[in-house]
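Results of the structural survey
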Amino acid sequence: MNLNRPTLTILAVTLLAATAAADPVPRDPAIREIYARIIGFRTAAGHDQTKPMVAYLSGVLTKAGVPASDIVTLDRGEARAMIVRVPGRERGRPILFSAHMDVVDARPEEWERSPFELVEENGYFYGRGTTDNKAGVAALMSTILRLRAEGLVPARDLVFGFVADEETGMETTALIAAHPWVRDAEFAINTDAGGGLLDDATGKPLIYLVQGAEKTYASFELTVTNPGGHSSRPRADNAIYQLAHALDKVEAYHFPVMANDLTRAYLGAVGQVKEGEVGAALRRFAADPDDVAAAATLAKSPEFVGTTRTTCVATMLQAGHAENALPQTAKATVNCRIFPAVPVETVRDALVAAVADPGVKITTLDDPEASPVSVMRPDVVAAITRAVHADYPGVTVSPYLESGGTDGKVYRTAGIPSFASSGLFAKPSEMYAHGLNERLPVKSFYEGLDHIYRLAVDLGGAGK
Ligand SMILES: [Zn+2]
C-alpha cells in the first residue's frame, strides 16, 4: 500500500479553497462490525489467516443473499484469495475492484494498543491494516452489500478481487487477474493506493492523486572476489577497495531524465500547490521536460527525483571474514526504481558501463517484472473526480507515478489497466501504513466506503 507516498512531506501550502462536506451519510453499524472482525485476523505471511478471513467474508455475503455461485476462492500455498461477482444486466467487459486482505506483520508487544483489535479513539481507528488495506476490503464489502440492499443492478459485471498476498508475492493477484470472471476486465480500480492529501496544519484538502503507473523494482548485486591472504602482507588488489571504487561510480552515475504524460500531469498539478524554487521547477519541468535547470533542481529533491528518472542506490554491504585476513569477497546490493517502459536489462547494462570494471560482477536479483503505464481514461478520471468532489468540491485530481509497489502492476502486466483510488484523505503526519500504531481517521474510513460505492454505481451504470 502506498498512500500518496510521493508527496507525503511536500505540500505545506494551501492554495485550494475546497472544504469538506458537512455531514456524511448515516453510518451502517454492520460495516463497522465487518471492519472490526477483519482487523482481528492476523493476515500476515506465516499466520495462515486468509482462509478464516475468506470464510468469514463469504459467510457475510451469503447471509446477505449473494449466491454461492457468484463467489470463488483461489489458493496459492497458505494464501486464499476470493472473487465476488455482481452480475450485470447486459453483456460487456467487467470492471474489477481490488483490495488486499493480508498485512505486514505487527508485534503486539511493540504497539500501544493491540494491533489485531479495532480500537476507536479520538477520531481514529487504530489497528494493523486499518489503512493498508482492510479499509479497502471493507469498502468492497460495503459496496457489494449496499448495491444488493438498494436493489441496484449494474449494466455490466462488477467483479471484486480480495487478494491474499499483496505484501509478499502477489501470486494470488495473478490468479485473480487470470480468472475467467476477471481476465477480460476493461480496467481495475485498486483501493490500495491513491488518495487525498490534507494540509498538516489546517486540514484543508490539497490535491487528490490517482495512481496510473508504478516504477519497476529491481535489485542488483555487485560482487568482487579476490584470492585474499594474510592482512600483514597486503596485495596490490583488494576486494573491498575494488568494490568501494565501483560504488563511487554508481553514486556518480545519473540516469537520464525522463517524462511521460502521466508524470508531467502529476508534477504540474503538484507545482500548482507548491511554492518557492521547487514549485517553479515543477511547473517548468511539466511544461518542458527538456528544461535542464528545472530537472537539476528536482534531482536534488528526494520527493521528486524518482518521478523524473530511474534511480539506483546502494542499500546493503557485506565483505570480509576476519579482522586479520584480506577479504576474499565483497558484495553490495544496489536497489533501483526503474522508470516505466525502461527494461531491467537496460539498467543493468548502464550500471556495468558506469562501473567499467570487468572484475565487478553485476547480477540481477530475483526476477523483476516491469509493468506498463495505464493511460488515464477520461471516463475513469471523470468518475473519480465526481466521487471526490462529492465530499471535497473543487480539489484538483491528478495522476501520479508510484515509486513503491501494489497489485496494480500485476493487473497491468496481465493487460488490465489499473487505477488506484482509495478515496481516503489524510494528513502526511497521519500515514502509518506498515509502521507502528497504524491508524485511519474515522471520517476517512466512511468517506472511503462512499468513494468505492460511488465509483461502482457510476462506472458500472448501476440502476434499478
Ligand atoms: Zn497495501
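Scroll up to find the structure this text is about.
We now turn to the structure provided with this report. On a predicted model such as this, the values are computed, not experimentally measured, just so you know.

Our next topic: the environment of Ala 299. In this structure, Ala 299 sits in helix α8 (residues 292-299). Judged by its relative accessible area of 31%, Ala 299 is partly exposed. In this structure the C-alpha to C-alpha distance between Ala 299 and His 254, which are 45 residues apart in sequence, comes to 9.4 Å. Ignoring sequence-local partners within four residues, the contact set of Ala 299 consists of Val 305 and Arg 309.

Another aspect to go through is the sheet that holds strand β4 (residues 119-121). The strands making up a sheet associate through hydrogen bonds between their backbones, and the pairing can be parallel or antiparallel. With antiparallel pairing, the three strands of this open sheet are ordered in space as β4-β5-β19. If you trace the sheet from one side to the other, it starts and ends with β4 and β19 (439-441), each paired once. If you compare each strand with its neighbour and ignore which way they point, the axes differ by 25 degrees on average. Of the pairings in the sheet, the one linking β4 to strand β5 (residues 124-126) comprises three bridges and is antiparallel in character. By the bridge assignment, Glu 120 is partnered in β5 with Phe 125.

Looking along the chain, the bond that leaves Asp 132 and enters Asn 133 is cis, with omega of 5 degrees. By the element assignment, Asn 133 lies in the loop between β5 and α3 (134-149). If you check the backbone angles, Met 170 has positive phi at about 55 degrees while not being a glycine. We classify Met 170 as buried; its relative accessible area is 11%.

Read from one edge of the open sheet, four strands run β12-β14-β10-β15, paired in antiparallel fashion. Each edge of the open sheet carries a strand with a single partner, namely β12 (311-319) and β15 (361-364). Averaged over neighbouring strand pairs, the angle between their axes works out to 25 degrees when direction is ignored. Where strand β10 (residues 216-225) lies against strand β14 (residues 329-338), 10 bridges are found, and the strand directions are antiparallel. Following the sheet pairing, Val 224 is matched in β14 by Ala 330. On top of the sheet, helix α5 (residues 239-252) reaches β10, β12 and β14; it is set at about 15 degrees to β14, its chief contact. In the packing of helix α10 (residues 344-355) onto the sheet, the strands contacted are β10, β12, β14 and β15, and the crossing angle to β10 comes to about 35 degrees.

Here is what the cut-offs are and how they apply
- Residues numbered from 1 in each chain as written.
- Predicted model: local features only at pLDDT ≥ 70, side-chain atom pairs only at ≥ 80, totals over all residues.
- Heavy atoms only, no water.
- Helix = DSSP H or I, 4+ residues; strand = E, 2+ residues; numbered from the N terminus.
- Buried < 20%, exposed > 50% of the residue type's maximum accessible area, 1.4 Å probe, protein only.
- Contact = heavy atoms within 4.5 Å.
- Pairing = 2+ DSSP bridges.
- Axes fitted to C-alpha atoms, helices over the stretch in contact; angles between N-to-C directions.

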